[in-house]
Amino acid sequence: MEVAQPKDLEEDLGLAKRRYAELRRQKRIFNARNRIIGGDTEAWDVQVCDQKIKEATEKARQETFAAEMRQNDKITCISENRERRDRKNLCKAINDFQQSFQKPETRREFDLSDPLALKKDLPARQSDNDARNTISGMQKFMGEDLNFYQRKKFQEEQNREWSLQQQREWKIARANQKCAEDLYLKTRLQFDETAKHLQNLESTTRKAVCAAVKEFNRKQALESAEKKIQEKKQDQEDNLAEISHLLRGDLLSENPQQAASSFGPHRVVPDRWKGMSREQLELIRLVQKQQVQEKLRLQEEERQRDMHWDRQRVQWARAALLCDRQQQCQRHDLRRALDCSNFSLAKEQLSQKKYMKEICTNHPTEDYFAQFNTRSR
């Protein structure tokens, strides 16, 4: 648990004062209305009234809460007193220890956190022409010079003159506006009378036009009804003529000559063709029978050809089998002759080996080589 020291409380108080002064300075700097024109007292009065109403409401609310809190405070008062006494004793012991063994002057970084550093330091500026007041220092702004109060009084007087001038201009503008409104009212009345006269003329003209249109529509209806009767009568006559033409025409009479084409006797017109005649059907059936007989003949020829090829394949297979057997016999004979020759050569090599062994055991090496050379020659 951290304990607040008197030195820390003084530092916090100093920081709060500087922060409050800085906020007030920012309000003066960034509020252009108060700095140049002045304040709006009427708006301020309204804001003050609203603030009082809000404070009264908040006060009633706080009193209600306070009545509830008093009961709770009575219960917690004893425990808080005991805790406060213990904390006070602990803080006193810690402060005594720090005052005796942890003095601020003994710290290495005391010059960075010295509470009297601002008092020891020079002020930000001593006059308006101080050489230390550079642009980057931000210590001198418009409205913060030493002649601030005189300039503020002059600005207030100037604002009063401007306010009086605005009131005079407002009265003149109000008189001009009243004259313009009277003139506008007279002009509007004249316009209303003219519009009323034009409206009467328009209603009269509209009635005449409606009567003429009604008469024209009646005549058009009579003409349309008569025209429909004539068209219906003409349609009935056209339908009767078309029915009689179809009954007498070639389309319903099933005349085969109407399907004849002008490109040749073998061609017909598709949309008029009524089907083939009996002679054409018999000719087609005859051609189909011929096609069937021709197909049977071709199938028989194909069957005879397949049988001929089957007999040839059997003969070729038999000849190939005889040839294979003959080749096997020849290979068997050649193998037997080769075995006989190999057996005779093996006997000769065996006898030669025996002879060489006898020579090696009975004669020296030089005689052996001499005899071998003479023998090889």
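Residues numbered from 1 in each chain as written. Predicted model: local features only at pLDDT ≥ 70, side-chain atom pairs only at ≥ 80, totals over all residues. Heavy atoms only, no water.

Engineer: An account of the overall build of the protein chain is needed here, citing residue identities and associated values.
Structural biologist: In terms of regular secondary structure, the protein chain is built from eight helices and two strands. In sequence order, the protein chain lays out its α and β elements as α-α-α-α-α-α-β-β-α-α. Counting only residues that meet the buried cut, the protein chain has 5% of its 377 residues in that class. Taking the contacts inside the protein chain whose residues are at least 6 apart along the sequence as the reference set, 29% of them involve residues at least 24 apart. Here the protein chain has roughly 35,200 Å² of accessible surface; of this, 56% comes from carbon and sulfur atoms. (Helix = DSSP H or I, 4+ residues; strand = E, 2+ residues; numbered from the N terminus. Buried < 20%, exposed > 50% of the residue type's maximum accessible area, 1.4 Å probe, protein only. Contact = heavy atoms within 4.5 Å. Areas by Shrake-Rupley, 256 points an atom, 1.4 Å probe, with all protein chains shown as cover.)

Engineer: Tell me about the pattern of salt bridges, and please be specific about residues and values.
Structural biologist: Under the criterion given, the structure shown has 14 salt bridges. Between R335 and D339 there is a salt bridge, with its nearest N and O atoms 3.8 Å apart. With R335 and D339 both in helix 7 (residues 278-362) and four residues apart, this pair spans about one turn of that helix. In this structure R335 comes out as exposed when scored by relative accessible area, which is 53%. Residues joined in a network through salt bridges with shared partners are E157, R160 and E161. (Salt bridge = Lys/Arg side-chain N within 4 Å of Asp/Glu carboxyl O.)

Engineer: Outline the layout of surface pockets, listing residues and values.
Structural biologist: Think of a ball as big as a water molecule: rolled over the atoms, this probe shows where empty space is left. Considering only enclosed or pocket space, the second largest pocket measures out at about 350 Å³ in volume. Along the wall of the second largest pocket there are 13 residues; nearest its centre are E10, E11, G14, R18 and P115. Of all the secondary-structure elements, those providing two or more residues to the lining of the second largest pocket are helix 1 (6-30) and helix 4 (117-120). Residue contributions to the lining of the second largest pocket peak at six residues, all from helix 1. Looking at the lining of the second largest pocket, its residues break down into five nonpolar, two polar and six charged. (1 Å grid on protein atoms, 1.4 Å probe; cavity = no way out; pocket = protein on both sides within 12 Å on 5 of 7 lines; lining within 4 Å. Points joined across faces, edges and corners; volume = space filled by probe spheres on them. Nonpolar A, V, L, I, M, F, W, Y, C, P; charged D, E, K, R; others polar.)

Engineer: Just give me the short version of the confidence of the model for the protein chain, but keep the residues and values in it.
Structural biologist: Detailed reading of the predicted coordinates is not advisable wherever pLDDT is low. When pLDDT is averaged along the protein chain, the result is 81, and 84% of the positions lie at 70 or above. Helix 7 holds the highest mean pLDDT among the elements of the protein chain, 89, whereas helix 8 (residues 365-376) holds the lowest, 46. Note on residues 364-377: pLDDT is under 50 here. Beyond four places in sequence and across chains, it has seven contacts. (pLDDT = per-residue confidence, 0-100.)

Engineer: So what's going on with a negative patch on the surface? Which residues, and what values?
Structural biologist: A cluster of acidic residues, E231, D235, E237, D238 and E242, forms a negative patch at the surface. Along the polypeptide, D238 turns up in helix 5 (residues 148-248). Judged by relative accessible area, D238 falls into the partly exposed class, the value being 39%. (Patch = residues over 30% accessible without salt bridge, like charges linked within 9 Å, V, L, I, M, F, W, Y side chains within 5 Å. Lys, Arg positive; Asp, Glu negative; His and termini not counted. Charge placed at Lys NZ, Arg CZ, Asp CG, Glu CD.)

Engineer: Please give an account of a nonpolar patch on the surface that cites residues and values.
Structural biologist: On the surface, a nonpolar cluster with roughly 220 Å² of combined accessible area is contributed by M276, L281 and I284. Tracing the backbone shows I284 in helix 7. Owing to a relative accessible area of 35%, I284 belongs among the partly exposed residues under this scheme.

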